[in-house]
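Understanding the architecture of this molecule
Next come the chains, spelled out residue by residue.
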Amino acid sequence: MAFMEKPPAGKVLLDDTVPLTAQIEASQSLHSHTEYIIRVQRGVSAENSWQIVRRYSDFDLLNNSLQISTLSLPLPPKKLIGNMEREFIAERQKGLQAYLDVITTHHILSNCEVVKKFLDPNSYSVNYTEIALQHVSMFFRSEPKWEVVEPLKDIGWRIRKKYFLMKIKNQPKERLVLSWADLGPDKYLSDKDLQYAVKLLSSCSHPYIYKVTFAIANDSSALVIRPFSEKGTLKDLIYKAKPKDPFLKKYCNPKKIQGLELQQIKTYGRQILEVLKFLHEKGFPYGHLHSANVMLDGDTCKLLDLENSLLGLPSFYRSYFSQFRKINTLEGVDVHCFGHLLFEMTYGRPPDTIPVESFPPAPSVFVVSVLECILTCEAMKNGMPTVSRLLQMPLFSDVLLTNSEKPQFKVPTKLKEALKISKECIEKRLTEEQKLFHQHRRLTRAQSHHGSEEEKKKRKILARKKSKRSAYESGEEHSAKYSNSNNSDWV
């Protein structure tokens, strides 16, 4: 098959979900403009940092690209006269720093391609849409029955995953979605096992898993075709969004924030937990639960993107759970992500911060009980409940599931063993990342404590005491020498 014949580079080692931070270190005025020197850092290691130089016009271009989100972003206004004055440049630098702080801490904006390219042009210089089109074209050479209707531009959040609306030539009214993705940093299956596992996805039949029409992988990427749903995903329902719109437009700034009805929360939650339990029992890792990965089919939720963990792609919520050492298994990751999804279903928006200190009024105290055992500070310290434990909680235990379709997903023993090893490797990388984060947090706290005003006062007092003690001891020593000298004169 042509798609299999020409793999490019191999798996991507860069984890796109590792947060980038940006600090303006200095500014320099040239003849007609000012440049700002920015230190960008990936993750917690200061060694993994670099400098970029940007003008105000670069910020303005970035801001124009982000307008699709409809968020009110704090970019300082333009000024044509007096924009080279020292006081103005200093004030503008403060404003640009505030702007950088907002976009690098906003979960969706910080992960979008234009922000990544602005901060890290070397790592994001490739045109992934062109690469995806090349792979899709190679696939069509040997599979002429498929045809591209249109690219679905930026409908997902991943930089290295692209979508196309498809049709079958002899069934022109039926619409499908093709997704193409690079391999990610957590790809630990051998190429042979990966190709077999991806191909196996189309044989999976489960009432709460969205059907895969066709799937294929080579040693650098994968291509999956599914039916297109006009209703869209659970996230589209919550945000009242159009499925074909770009991710930033759909989800950054909803016009109306409103959660789902209690019965929907209970039913959808139960269905999602049931399919997670099924996958865990099959030894099939997931780790990619979020509301945009849940398709709606009538009153039924169906899980999407089972291929993500096989391809080694990082999770949408990784920057959250990588901070907490007790969330160190893929089941724990799924439960933590379920907490985010349940919060979104309940309140119509994501949590402001993680951990969540207090929850607004909910349709039922049972909803809050589940959220408390997943998203609070205490939950992060104690670890996540199991999926089975959540299913036993009052919010979900009385939900009657009417779907009679019998699940079918035969995973051969040899592949199960390979999946188990892959899962352990994914969890090991997560644990190592969490360890680095906690070492950095301890160091930061120590430095902060050392630099606090109270600590400075304590050190001053100790220094004075030490100085007095030294002076006293010096005086004692001098007196002793004087006494010895007088005694020697009398001998």
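See the structure above.
This is a predicted model, so every value here is computed, not measured.

**What about the sheet that holds strand 6 (residues 171–182)?**
Taken together, the five strands give an open sheet; going across it, the order is 4-5-6-8-7, and neighbouring strands pair in antiparallel fashion. Each edge of the open sheet carries a strand with a single partner, namely strand 4 (146–151) and strand 7 (214–217). Strand-to-strand, the axes of this sheet are offset by a mean angle of 25 degrees, without reference to chain direction. Where strand 4 lies against strand 5 (residues 161–168), five bridges are found, and the strand directions are antiparallel. Bridge pairing in strand 5 links Glu147 to Lys167. Contacts from helix 5 (residues 128–142) reach strand 4, strand 5, strand 6, strand 7 and strand 8 (221–227) within the one sheet, and its direction differs from that of strand 5 by about 35 degrees.

**What to know about the packing of aromatic side chains**
Under the counting rule described, the total for this entry stands at 15 aromatic pairs. Taken together, a centroid distance of 5.3 Å and an interplanar angle of 40 degrees make the contact between Phe139 and Phe214 tilted. Of this pair, Phe139 sits in helix 5 while Phe214 is found in strand 7, placing the two residues 75 residues apart along the sequence. Taking relative accessible area as the criterion, Phe139 reaches 0% and is therefore assigned buried. Ring geometry for Phe247 versus Tyr251: centroids 4.8 Å apart, planes at 80 degrees, classification edge-to-face. Taken together, the residues span about one helical turn, with Phe247 and Tyr251 both in helix 8 (residues 247–251) at a distance of four residues. For the pair Phe247 and Tyr251, one class covers both residues: buried.

**Focus on the environment of Gly312**
Here Gly312 lies in the loop between helix 10 (307–311) and helix 11 (318–321). Looking at Gly312, the relative accessible area reads 1%, which means it is buried. Each C-alpha atom, one on Gly312 and one on Asp186, is 3.7 Å from the other, the two residues being 126 residues apart in sequence.

**Quick notes on the nonpolar core**
With 111 residues, the main nonpolar core has Leu66, Leu234, Leu289 and Phe338 as its most contacted residues. Tallying contributions element by element places helix 12 (residues 330–347) first for this core, with nine residues. The contacts of Leu66, once residues within four sequence positions are left out, are Leu73, Tyr99, Ile103, Leu109, Cys112, Val114, Val115 and Leu248. Core analysis: the second largest hydrophobic core is formed by 15 residues, Ala132, Val136, Met166 and Phe214 among them.

**Examining the sheet that holds strand 3 (residues 49–55)**
Taken in spatial order, the three strands of this open sheet run 1-2-3, and their pairing is antiparallel. Edge strands, defined here as strands with exactly one partner in the open sheet, are strand 1 (20–29) and strand 3. Neighbour to neighbour, the strand axes of the sheet diverge by 25 degrees on average, direction disregarded. Helix 2 (residues 56–66) rests against strand 2 (34–42) and strand 3 of the sheet, and its axis sits at about 95 degrees to strand 3. Where helix 3 (residues 86–105) meets the sheet, it contacts strand 1 and strand 2, and its direction lies at approximately 165 degrees from that of strand 1.

**Examining the pattern of salt bridges**
Under the counting rule described, the total for this entry stands at 27 salt bridges. Note that Asp186 is salt-bridged to Arg318, the shortest N-O span being 3.8 Å. On the criterion of sequence distance, the pair formed by Asp186 in the loop between strand 6 and helix 6 (191–200) and Arg318 in helix 11 is long-range, its members being 132 residues apart. The buried category is assigned to Arg318, whose relative accessible area is 4%. Across the salt bridge formed by Arg318 and Glu433, the nearest N and O atoms sit 3.0 Å from each other. Of the two residues, Arg318 is situated in helix 11 and Glu433 in helix 17 (residues 413–451); the sequence distance between them amounts to 115 residues. Counted as one network, the salt bridges with shared partners bring together Asp15, Asp186, Arg318, Arg429 and Glu433.

So, how was this worked out
Per-chain numbering applies: the sequence of each chain, read as written, is numbered from 1 onward. Per-residue local features are limited, in this predicted model, to residues with pLDDT of at least 70; the limit for side-chain atom pairs, both in listing and counting, is 80 or more; totals at the level of whole chains, interfaces and linings are taken over all residues. The side-chain numbers reported here are obtained from all heavy atoms of the structure, hydrogens and water having been left aside. Note on pairing: two strands pair once DSSP finds at least 2 bridges between them. Secondary structure is summarised from DSSP: a helix means a run of H or I of at least four residues, a strand means a run of E of at least two, and numbering begins at the N terminus for each. With axes taken as lines fitted to C-alpha atoms, and helix axes fitted only over the stretch in contact, angles between N-to-C directions fall between 0 and 180 degrees. Two residues form a contact once any of their heavy atoms are found within 4.5 Å. Pairing of aromatic rings covers Phe, Tyr and Trp, the last counted by its six-membered ring, and requires centre-to-centre distances within 6.5 Å; plane angles under 30 degrees mean stacked, over 60 mean edge-to-face, and any other angle means tilted. For every residue, the accessible area (1.4 Å probe, protein chains only) is compared with the maximum for its type, and the residue is labelled buried under 20%, exposed over 50%, or partly exposed between those bounds. As used here, the term nonpolar core means buried Ala, Val, Leu, Ile, Met, Phe, Trp, Tyr and Cys residues forming a set that is joined through side-chain atoms within 4.5 Å. In what follows, salt bridge is the name for a side-chain nitrogen of Lys or Arg lying within 4 Å of a carboxyl oxygen of Asp or Glu.

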